Amino acid sequence: MLIFEDIFFDYLTFRDFNFNEHLAEGIQSMGYQTPTPIQEMAIPLIMEGKDLIACAQTGTGKTASYLLPVLHKIAEANEGHKTTALILAPTRELAQQIDQQAEGLAYFTGLSSIAIYGGTDGIVYEQQRRGIQNKVDILIGTPGRLIAHLQSGVLKLDHIKYLVLDEADRMLDMGFLGDIMRIIRDVPHNRQTLLFSATMPAPIRKLAGSILKNPEQINLATSQPAEGINQQIYKVHNEQKTKLVIKLLKEGSYASTIIFANTKDEVKKLSRELKSAHVKSSAFHSDFEQTEREQILLDFKNRELPVIIGTDALSRGIDVEGIDLVINYDVPADPEDYIHRIGRTARAESTGTAITLVNERDNRKLKNIEQLIGRSVMEMPLPPEIGEAPEFKEHKSFKKRRNNNRNKFRNKKGSHKGGNKPAQAGDAENK
Ligand code: AMP
């Protein structure tokens, strides 16, 4: 329990958590000043030993909200050379990012971690195998690869005390439920379990019901983009999109930009077009080898590569500070994906811009997004050199419904007055 004796402090600092002193050094060296809202809520509960189900998106500081109390407990227990924490993550990129945060935070504690993920060559598999045998304190892994190491007999989970499921909704979307349950079978029953998910659909609640014990629940206002994101749209014809993107990139002062497109083919095409317009950029997709993908991300992180182009697979994983522009080359079909995409900018309370290009066909999807975020997105005028912006016609089903209502109203009016009223001026436009 946190006790506020000092009336002069009306907000929490990391010192209020009384973390292990070496961990506190790590927090300082990572440059974290004040806990984010999810950290304020989750850390005390996890310190108390509670199971937890937390609805929080990436970009809110959720990773540190479980890493910090878990690292604290392991550091204080000082049991030495046993793997006591297991973190399950959907993708290798997320597993690597969790590992990097764990390494940074635990730097002065002497605790160790390793990320275990698939899609690698034999050398990496062997490195992972040896890493597991060295009994790191924290194991972070994608379910498929963990199963492979469990089945080979190398991985034993007998000493796990802390089990974390990160981005549980994504893991279920990717079909990992069976693998998760198989892994949990090997984890001791007597453990603390923490489940983090960006959304809470019924299958997640069901999973939580079967693996958590009397969990506390935290619901961090979900599906809302960070305050610091300046969201804009441009209405465009398809053939205007690339021209506009090139103009925005060449004339804006953006150091780091991510462009999202809906398909891999579109990503490749746009990448070719940007290259021939001399915009320094790279595509990022599954056709690249793992090492190439890592190199692209590294160049992007190091600011050597200013523009990266990818599909939604990139929106969940990437954790790069200071991305100042996100461009949606097309509107994502799932409004939640819009939130994830634009959440790559304005992370941890900084600011950024998110620009979405909307053609007539995608206008419906934009309306769904606006409904989810509860407001309309600011429309920017198309620069004259890009050409004339399209006028969107009203969506058919909406128009049909509106006309039906008008007709009903007219019929009613007609029947009151005895019917057979001649057509009114303006009726023709409704046909
Ligand atoms: P996450 O939501 O866990 O993906 O974290 C988003 C980013 O915020 C990561 O780059 C973290 O290193 C960073 N971060 C986490 N907690 C804090 C904090 N309290 N202050 C500043 N940055 C933070």
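Given the structure is predicted, the values throughout are model-derived calculations rather than measurements.

Reading the values: the criteria
Residues numbered from 1 in each chain as written. Predicted model: local features only at pLDDT ≥ 70, side-chain atom pairs only at ≥ 80, totals over all residues. Heavy atoms only, no water. Helix = DSSP H or I, 4+ residues; strand = E, 2+ residues; numbered from the N terminus. Buried < 20%, exposed > 50% of the residue type's maximum accessible area, 1.4 Å probe, protein only. Contact = heavy atoms within 4.5 Å. Areas by Shrake-Rupley, 256 points an atom, 1.4 Å probe, with all protein chains shown as cover. Pairing = 2+ DSSP bridges. Axes fitted to C-alpha atoms, helices over the stretch in contact; angles between N-to-C directions. Near = heavy atom within 4 Å. Polar contact = N/O pair within 3.5 Å; in protein donor to acceptor, adjacent residues only side chain to side chain. Nonpolar A, V, L, I, M, F, W, Y, C, P; charged D, E, K, R; others polar. Domains from an automatic or database assignment. Core = buried A, V, L, I, M, F, W, Y, C linked by side-chain atoms within 4.5 Å. Arc of directions from axis to C-beta. pLDDT = per-residue confidence, 0-100. Phe/Tyr/Trp six-rings, centres within 6.5 Å; stacked < 30°, edge-to-face > 60°.

Engineer: How should I be thinking about the overall build of the protein in this particular structure?
Structural biologist: Looking only at helices and strands, the protein has 16 helices and 14 strands in total. Within the protein, buried positions represent 51% of all 431 residues. A sequence separation of at least 24 residues applies to 77% of the contacts in the protein between residues at least 6 apart. For the protein, the accessible surface area stands at approximately 21800 Å², while carbon and sulfur atoms represent 50% of it.

Engineer: Explain the sheet that holds strand 8 (residues 229-235) here, please?
Structural biologist: Strand pairing in a sheet is mediated by backbone hydrogen bonds. Such pairs are either parallel or antiparallel. Strand order in the open sheet formed by seven strands is 10-11-9-12-13-8-14, and the pairing between neighbours is parallel. Sheet topology places strand 10 (281-284) and strand 14 (378-379) at the edges, where each strand pairs with a single neighbour. Here strand 8 pairs with strand 13 (residues 352-358) via seven bridges, running parallel. Along strand 13, the bridge assignment pairs Y234 with L357. Its contacts with the sheet place helix 12 (residues 290-301) against strand 9 (257-260), strand 10 and strand 11 (307-310), and it is angled at close to 140° to strand 10.

Engineer: Explain the site of the ligand here, please?
Structural biologist: Close contacts around the ligand come from 16 residues, with Y32, Q39, G59, G61 and T63 the closest. A distance of 2.7 Å is found between an oxygen atom of the ligand and a side-chain nitrogen or oxygen belonging to Y32. In this structure, K62 approaches the ligand through a main-chain N or O atom, which is 3.4 Å from an oxygen atom. Expressed as a share of its isolated accessible area of 490 Å², the protein-covered part of the ligand is 90%. Its residues assigned to classes, the shell around the ligand shows three nonpolar, nine polar and four charged. Domain assignment of the residues forming the shell around the ligand places at least three in each of domain 1 (3-220) and domain 2 (229-411).

Engineer: Quick question: what am I supposed to make of the nonpolar core here?
Structural biologist: The tendency in soluble globular proteins is for nonpolar side chains to be buried side by side. In this structure, L52, Y66 and L68 are the most contacted members of the largest nonpolar core, which totals 42 residues. Per-element tally for this core: the top contributor is helix 3 (residues 62-77), with eight residues. Here L68 is in contact with F14, F19, L23, I27, I43 and L105, once residues within four sequence places are set aside.

Engineer: Help me understand helix 1 (residues 21-29), please; the structure alone is not making it clear to me.
Structural biologist: In an α-helix, one full turn covers 3.6 residues, which means residues spaced three or four apart are oriented alike. Among all positions of helix 1, only L23, G26 and I27 are buried. One side of helix 1 carries all its buried residues, which in axial view fall inside an arc of 100°. The exposed set on the far side of helix 1, more than 90 degrees from its buried face, consists of E21 and Q28. For helix 1, the secondary structure elements touched by its buried residues are helix 3 and helix 4 (92-105). The backbone nitrogen of H22 has a side-chain oxygen 2.9 Å away, supplied by the residue at the start of helix 1, namely N20. In the segment just after helix 1, G31 is the residue with positive phi, at about 80°.

Engineer: When you look at the confidence of the model for the protein in this model, what are you seeing that I'm missing?
Structural biologist: Note: predicted coordinates in regions of low pLDDT should not be interpreted at a detailed level. The share of residues in the protein with pLDDT of 70 or more is 85%, and the mean pLDDT across the chain is 84. Within the model, pLDDT remains below 50 along residues 1-10, and this stretch shows six contacts once partners closer than five positions in the same chain are excluded. Taken as a whole, residues 405-431 scores under 50 in pLDDT and shows six contacts with residues more than four places along the chain or in a different chain.

Engineer: Would you mind showing me how to read the sheet that holds strand 2 (residues 85-88) here?
Structural biologist: Sheet architecture is open: seven strands sit in the order 3-4-2-5-6-1-7, paired in parallel fashion. Where the open sheet ends on each side, the last strands, each with one partner, are strand 3 (113-116) and strand 7 (216-219). The average undirected angle you get between the axes of adjacent strands in this sheet is 15°. Both strand 3 and strand 4 (residues 138-141) contribute to a ladder of four bridges, which runs parallel. Within the sheet, the bridge partner assigned to S113 lies in strand 4 and is I138. Sitting on the sheet, helix 2 (residues 37-47) touches strand 1 (52-55), strand 6 (192-197) and strand 7, and the angle it makes with strand 7 is about 175°. Relative to strand 3, helix 5 (residues 122-133) is tilted by about 140°, and along the sheet it contacts strand 3 and strand 4.

Engineer: For this particular structure, what's the right way to read unusual backbone geometry?
Structural biologist: A negative phi holds for most residues other than glycine; trans holds for most peptide bonds. Unusually for a residue other than glycine, N18 sits at a positive phi of about 50°. As for its position among the elements, N18 is in the segment before helix 1. Its relative accessible area of 61% is what places N18 among the exposed residues. Although it is not a glycine, H278 adopts a positive phi angle of roughly 60°. With respect to the element layout, H278 can be found in the loop between helix 11 (264-276) and strand 10.

Engineer: Where do I start with the packing of aromatic side chains in this structure?
Structural biologist: Geometrically, a pair of aromatic rings is defined through the distance of the ring centres and the angle of the planes. Under the criterion given, the structure shown has five aromatic pairs. Plain terms: the ring middles of F14 and F17 are 6.3 Å apart, the flat faces sit at 55° to each other, and that makes the pair tilted. Judged by relative accessible area, F17 falls into the buried class, the value being 5%. Centre to centre, the rings of Y66 and F196 are 5.1 Å apart; their planes meet at 55°, and the pair counts as tilted. Here the residue Y66 occupies a position in helix 3, and F196 occupies one in strand 6, the gap between them amounting to 130 residues. Three or more aromatic residues joined by ring pairs make a cluster, and in this case those are F14, F17, F19 and Y32.

Engineer: What am I meant to see in the side chain of N20 here?
Structural biologist: With respect to the secondary-structure elements, N20 resides in the segment before helix 1. Given the relative accessible area of 9%, N20 is considered buried. Polar side-chain contacts of N20 include one of 2.9 Å to the side chain of E76. Among residues more than four places away in sequence, those in contact with N20 are H72, A75, E76 and T109.

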